[in-house]
Amino acid sequence: QKDSIYSYKDMILDTVSKRVIVNGSEAELTAKEYMIIELLLLNPGKVFSKANIDETVWQEEYLGDDNSVKTHMSKLRNKLKKANPSEEYIETVWGLGYRLCRTKGKEWGIK
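Residues numbered from 1 in each chain as written. Predicted model: local features only at pLDDT ≥ 70, side-chain atom pairs only at ≥ 80, totals over all residues. Heavy atoms only, no water.

1. Observations regarding unusual backbone geometry
In step 1: The residue Lys9 is not glycine, and still its phi comes out positive at about 55 degrees.
In step 2: Note that Lys9 resides in the loop between strand S1 (5-8) and strand S2 (11-14).
In step 3: Accessibility expressed as a relative area gives 27% for Lys9, which makes it partly exposed.
In step 4: Phi is positive for Lys18, close to 60 degrees, though the residue is something other than glycine.
In step 5: By the secondary structure assignment, Lys18 is in the loop between S2 and strand S3 (19-22). (Helix = DSSP H or I, 4+ residues; strand = E, 2+ residues; numbered from the N terminus. Buried < 20%, exposed > 50% of the residue type's maximum accessible area, 1.4 Å probe, protein only.)

2. Things to note about the environment of Thr56
In step 1: Structurally, Thr56 can be placed in helix H2 (residues 50-57).
In step 2: Note on Thr56: relative accessible area 37%, which makes it partly exposed.
In step 3: Taking the C-alpha atoms as reference points, Thr56 and Ile36, separated by 20 residues in sequence, lie 8.7 Å from one another.
In step 4: Not counting residues up to four positions away in its chain, the partners in contact with Thr56 are Met35 and Leu39. (Contact = heavy atoms within 4.5 Å.)

3. Description of the side chain of Glu38
In step 1: Looking at where Glu38 falls in the secondary structure, it is placed in helix H1 (residues 31-42).
In step 2: The class of Glu38 is buried, set by a relative accessible area of 16%.
In step 3: There is a polar contact of 2.8 Å between the side chain of Glu38 and the side chain of Tyr34.
In step 4: Once you skip the residues sitting within four places of it in the chain, Glu38 turns out to touch Leu13, Thr15 and Lys18. (Polar contact = N/O pair within 3.5 Å; in protein donor to acceptor, adjacent residues only side chain to side chain.)

4. Details of the packing of aromatic side chains
The relation between two aromatic rings is expressed through the spacing of the ring centres and the mutual angle of the planes.
In step 1: Inspection of every chain in the model, using the stated rule, returns 1 aromatic pair.
In step 2: Judged by centre distance (6.4 Å) and plane angle (65 degrees), the ring pair of Tyr8 and Tyr89 falls under edge-to-face. Of this pair, Tyr8 sits in strand S1 while Tyr89 sits in the loop between helix H3 (67-83) and strand S5 (90-93), placing them 81 residues apart in sequence. There is no split in this pair, since Tyr8 and Tyr89 are both buried. (Phe/Tyr/Trp six-rings, centres within 6.5 Å; stacked < 30°, edge-to-face > 60°.)

Okay, structure coming up:
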């Protein structure tokens, strides 16, 4: 059985209950926001383009409209920032997409 609990920085992700705890409090995420953070957390270091995210989360062909992904990413980042204003979780890799921010050194620190 695969692990169902993953931790990254002060975030805990439970893939069974679909809950995300940040800085000790449960983040109230929509299903799409949860799917985005789960995708990033389960693939540390991988850069996901808007098309990757769109096709994985929405499970439909990417038609070049990245506003939906950008809007969900913005809302997700705002919720994470509200839970812990002093931490960054998702970074934009300009021209490529999004990935988890690296922790100290080169490791992503996923447990």
